[in-house]
Structure formats: C-alpha cells, structure tokens
Amino acid sequence: MTTKQPARTRTRVVGAVVGLGVVAAVIAAAVVIVPLLRPPGPRPAFQLPVPCGETWQLGTYPGHDDFDVDLFPTVGQAWGRPVLASYAGAVTAAGVNGSVGGRTPEDPDGPRGRGGGYWVEIDHGGRWETQYLHLLEPPMVRKGQRVEQGDQLGKVGSTGNSGAPHLHYEQRRGREKVETYFDGSPSGITHDDAEYTVTRKSNNCPPA
C-alpha cells in the first residue's frame, strides 16, 4: 500500500530544493562577480615580450586604438621571431581570434584574415592581463597552462587583420587597456591620434 505524502510536506520539500538552487546560484554569481569588483593589484614587472638583449621598435598609428602597441625588430626579419611571456601567469586564451587568413613568409601578400589571428591571452593575477596577436602559427601554449616570464608563447607572424609581420601587444588592467610599461618604464604609447614610435631593449632575460 502506497502512502501519499501530505501536500504540506511536498510543498516544504519543493521549497527547500528551490531555496538550495537559489543559494547555489547566488554563490556561483559571487564567485564570478566579486573578483571583478576588487580593485586591480599592483602593476606586474612586465618585460618586453621578446628575447633578452634584442632591440625592437614599438609603435602606433592613427586608427590603431589607444594603448595598442605594434612591435617590429630593428635588426633582421620579423617572421618567426620568438614571442615570450611578459610576466608569469595563467593562459586564458590560446587559439584563433577572428580568422587566420593566408599571409605567410612564403606568401606575405596573401589574403588578410580578421581580428587577431593566432593569439594568446595571459592572466597575471590582480586583474592584470596581456595579449599577444598575429602569431605565425598555432600558439605553443594551451588554455589553463601556467607560464613563467620568458616562456615562449609562439612566433611573430601576420595572421588575422595584419598588413605585415609584427607582434600586436596589449596590457590590460581590470579588462581595460592601459599604457604599456616595460622594465618599469612607460612606453609613451597612449593615444592613436598620431603616428608614434620608440625603441626599447628587452630585459626579458633568464634568472641570473
């Protein structure tokens, strides 16, 4: 013989289940939202994302977008040069941003892609991030991987919406782009209302 559960008891059970669901949803939302409300931490000691001792030209141009930096080597070709992590952190994106296109060392005037092409994004903690775009080939790291300063992420290329081989680089604080600093010094690239270039020597060197 089956005993029917009283309506009041069923209502209490349903209410408890719904309540637990609401609590779980609130906790999940807090896990996502609370870190975003915290103020950013101190600026990490970012280094140029290229090998130790190399000198590169950093530049921008009208329409490039504020704070965006394009890097070109001052000696030798850009194709295939190592792209290094500016600072230690966790890889949050590694793949294709937009589309790759068809520009390669063998066909440098091939069809452009869209967006950043092959790219990497790193979370450095304290709500600081860096982005590395237009890589030549699929990144050498994967999402979720821990990297140290100086670890190779990929190679300089011209994938995505790129007119020539270079590294497009950004530093972000709390998801907003900010002026890039390297080895403790500002790059001077803040606005894209005029063409601007500066050269910097990389101090992204292995630990002594």
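What counts and what doesn't
Residues numbered from 1 in each chain as written. Predicted model: local features only at pLDDT ≥ 70, side-chain atom pairs only at ≥ 80, totals over all residues. Heavy atoms only, no water. Helix = DSSP H or I, 4+ residues; strand = E, 2+ residues; numbered from the N terminus. Buried < 20%, exposed > 50% of the residue type's maximum accessible area, 1.4 Å probe, protein only. Contact = heavy atoms within 4.5 Å. Areas by Shrake-Rupley, 256 points an atom, 1.4 Å probe, with all protein chains shown as cover. Core = buried A, V, L, I, M, F, W, Y, C linked by side-chain atoms within 4.5 Å. Salt bridge = Lys/Arg side-chain N within 4 Å of Asp/Glu carboxyl O. Polar contact = N/O pair within 3.5 Å; in protein donor to acceptor, adjacent residues only side chain to side chain. pLDDT = per-residue confidence, 0-100. Pairing = 2+ DSSP bridges.

The next thing to look at is the overall build of the protein chain. For the protein chain, the count of helices and strands is 1 helix and 13 strands. Helices and strands appear in the protein chain in the N-to-C order α-β-β-β-β-β-β-β-β-β-β-β-β-β. Expressed as a percentage of the 208 residues in the protein chain, the buried residues total 38%. A separation of at least 24 residues holds for 69% of the contacts in the protein chain among residues at least 6 apart in sequence. For the protein chain, the accessible area works out to roughly 11,400 Å², and carbon and sulfur atoms hold 56% of it.

Turning our eyes to something else, we now look at the nonpolar core. Where a protein is soluble and globular, its nonpolar side chains tend to be buried together. Core analysis: the largest hydrophobic core is formed by 27 residues, its most contacted members being Leu58, Leu71, Val120, Tyr132 and Leu153. Listing elements by their share of this core, those giving two or more residues are strand E1 (55-60), strand E2 (69-73), strand E5 (114-125), strand E6 (128-135) and strand E9 (167-173). Apart from the residues lying within four places of it in its own chain, the contact partners of Leu153 are Val83, Leu84, Ala85, Val120, Ile122, Tyr132, Leu135, Pro139, Met140, Val141 and Val147.

Counting across every chain of the model gives 7 salt bridges. Salt-bridge contacts for Lys177 lead to Asp65; the nearest nitrogen and oxygen are separated by 2.6 Å. Placement of the pair is Lys177 in strand E10 (residues 176-178) and Asp65 in the loop between E1 and E2, with a sequence separation of 112 residues. Here Arg172 and Glu170 are joined by a salt bridge, their closest N and O atoms 2.8 Å apart. Side by side, Arg172 and Glu170 carry an identical accessibility label, which is buried. A single salt-bridge network, built from bridges that share partners, covers Asp65, Asp68 and Lys177.

Of note, Thr130 is situated in strand E6. For Thr130, the side chain forms a polar contact with the side chain of His124, separated by 2.7 Å. Once you skip the residues sitting within four places of it in the chain, Thr130 turns out to touch Phe46, Val120, Glu121, Ile122, His124, Tyr169, Glu170 and Gln171.

This prediction gives the protein chain a mean pLDDT of 89; 82% of its residues lie at or above 70. Between residues 28-32, whose pLDDT stays under 50, and residues either more than four places distant or in other chains, the model counts 2 contacts.

The buried fraction of E9 amounts to 6 of the 7 residues, a majority that puts the element mostly inside the structure. The pairing of E2 with E9 spans 3 bridges and is antiparallel. Considered in E9, the bridge of Asp70 is made with His168. Where E6 meets E9, 6 bridges bridge the pair, whose relative direction is antiparallel.

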